[in-house]
Amino acid sequence: MNNVQRLTQAGLILPNAAAALNPADQQLINSLTDDEVSALISVKSKLGDDFAQRNSRTIGIVF
Amino acid sequence: MQSAVMTQVSNSRRLRSKIQLMRGEMDAMAETLWNHPRLREIYPEFLFRNHSVIRSSVPLMKNAAEECEKRLGKDPVAEGMLAYFRHHIPEETGHDEWVLDDLELLGFRRQDVLKRIPPPSAAALAGAQYYWIRHVHPVALLGFIAVLEGTPPDVAFFEATADRIGVPRKAFSNLLLHGKLDPQHRDDLDRTLDALPLTDEHHALMGVSAFQTISLLTRVASEAVQ
């Protein structure tokens, strides 16, 4: 099972988003180590169905 | 196992691609927060939470620098990281005071803010980094910093936001000053990352740290909105 499948099975990537992943994102997700995938599953961070949307504004908590 | 493609890109690009990949929930929370109909009411609570996090910036870097010093001569990334922290610590010193200044302008006395117990989510966010630094490797902190300094505040947006909610722009000083400084800080970190002889293990730890940071940062902010 690859990382995309693992994260989809864990509910962190919605099935329709997994199907719509572009090759670059697929490659990036599948390049994550087991530890990184486990961390994503541990913190239950959904990648959502729109993570390809690259429009980021700061959440405002700065360093 | 890393794919060959990811080992061919620069260190900074490799980390930032991972952050970009999973920041969707954080970005959605940012939109909710900054467009909230009761933002004027929420903003002081948000600042308190921001202070709870930002007060740990310099102490975390000092901790990481100490760990790097212990590793000098034994760990190939220690020297480069130590130079980065020594340069960055003075740049970040006193920024927690900017948040207190903003709160004071809104009528919240410094001593009252400092007396409040910070939220557990903020303690978890910063506390995790102490764990990674002390028990695993200080390179983890670079994943944390990459998230926090990776999207500099948009100065025009936050000036307009202050005007929109009827709060003096001076009470947004923390965000407005970071909006001016963080593009340079982000680029400095990228240059540092690209010059470090990072292994796949370092990359994985920075990734884990960045993912955890995004998750907890989102929680810290979301609690201000509730």
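Provided above is the structure to which this section pertains.
Let me begin by describing the structure that accompanies this report. (Residues numbered from 1 in each chain as written. Chains lettered and ligands numbered in written order. Predicted model: local features only at pLDDT ≥ 70, side-chain atom pairs only at ≥ 80, totals over all residues.)

All right, on to the overall build of chain B then. The helix and strand tally for chain B stands at 13 helices and zero strands. Listing every helix and strand of chain B by position from the N terminus yields α-α-α-α-α-α-α-α-α-α-α-α-α. The C-alpha radius of gyration of chain B comes to 18 Å, within 12% of the 17 Å expected for a compact globule of 226 residues. Per-residue burial over chain B gives 47% buried out of 226 residues. For chain B, restricting intrachain contacts to residue pairs at least 6 apart in sequence, the fraction spanning at least 24 positions comes to 83%. (Helix = DSSP H or I, 4+ residues; strand = E, 2+ residues; numbered from the N terminus. Rg over C-alpha atoms; globule rule 2.2 N^0.38 Å. Buried ≥ 20, exposed ≤ 12 C-beta atoms within 10 Å, placed from the backbone. Contact = placed C-beta atoms within 7 Å.)

Since the α-helix turns once every 3.6 residues, residues separated by three or four places project in the same direction. Residues and elements named next belong to chain B. A rise of 1.5 Å per residue sets the reference length of helix α12 (residues 173–195), with its 23 residues, at 33 Å; its end C-alpha atoms lie 33 Å apart and thus fit the reference within 8%. At L181, α12 shows its largest bend, some 45 degrees, and a proline, P183, comes one to four positions later. What α12 keeps buried is the set N174, L175, L176, H178, G179, D182, H185, L189, T192 and L193. In the core, the buried residues of α12 are packed alongside α2 (11–22), α4 (39–54), α6 (78–92), α7 (95–105), α10 (140–148) and α11 (155–165). (Expected span 1.5 Å × (residues − 1). Bend = angle between axes of the 7 residues up to and from the residue.)

Residue-level contacts link 47 residues of chain B with 28 residues of chain A. Contributing elements (two or more residues each) for the side of chain B that touches chain A: α1 (4–8), α2, α3 (24–34), α4, α10, α12 and α13 (200–225) of chain B. For the side of chain B that touches chain A, the element with the highest residue contribution is α13(B), accounting for 11 residues. Per-class residue counts for the side of chain B that touches chain A are 24 nonpolar, 14 polar and nine charged. (Nonpolar A, V, L, I, M, F, W, Y, C, P; charged D, E, K, R; others polar.)

Residues and elements named next belong to chain B. It is the contact of helix α9 (residues 120–136) with α10, at a shortest axis distance of 8 Å, that shows an interaxial angle of 155 degrees. Classed by the angle they form, the pair α9 and α10 counts as roughly antiparallel. Contacts between α9 and α10 involve Q129, W132, I133 and V136 from the former and A140, L141 and F144 from the latter. Partitioning the contact of α9 with α10 into residue classes produces six nonpolar, one polar and no charged. (Axes fitted to C-alpha atoms, helices over the stretch in contact; angles between N-to-C directions. Parallel < 35°, antiparallel > 145°, perpendicular 65-115°, else oblique.)

This part covers the nonpolar core. Residue and element names in this part refer to chain B. Counting residues in hydrophobic clusters, the biggest one holds 75 residues, and the most contacted among them are L141, L217 and A221. Dropping the residues within four chain positions of it, L141 is found in contact with L60, A64, Q129, W132 and I133. In terms of nonpolar packing, the next biggest core, distinct from the first, is built from six residues, F158, A162, L175 and L176 among them. (Core = buried A, V, L, I, M, F, W, Y, C linked by C-beta atoms within 7 Å.)

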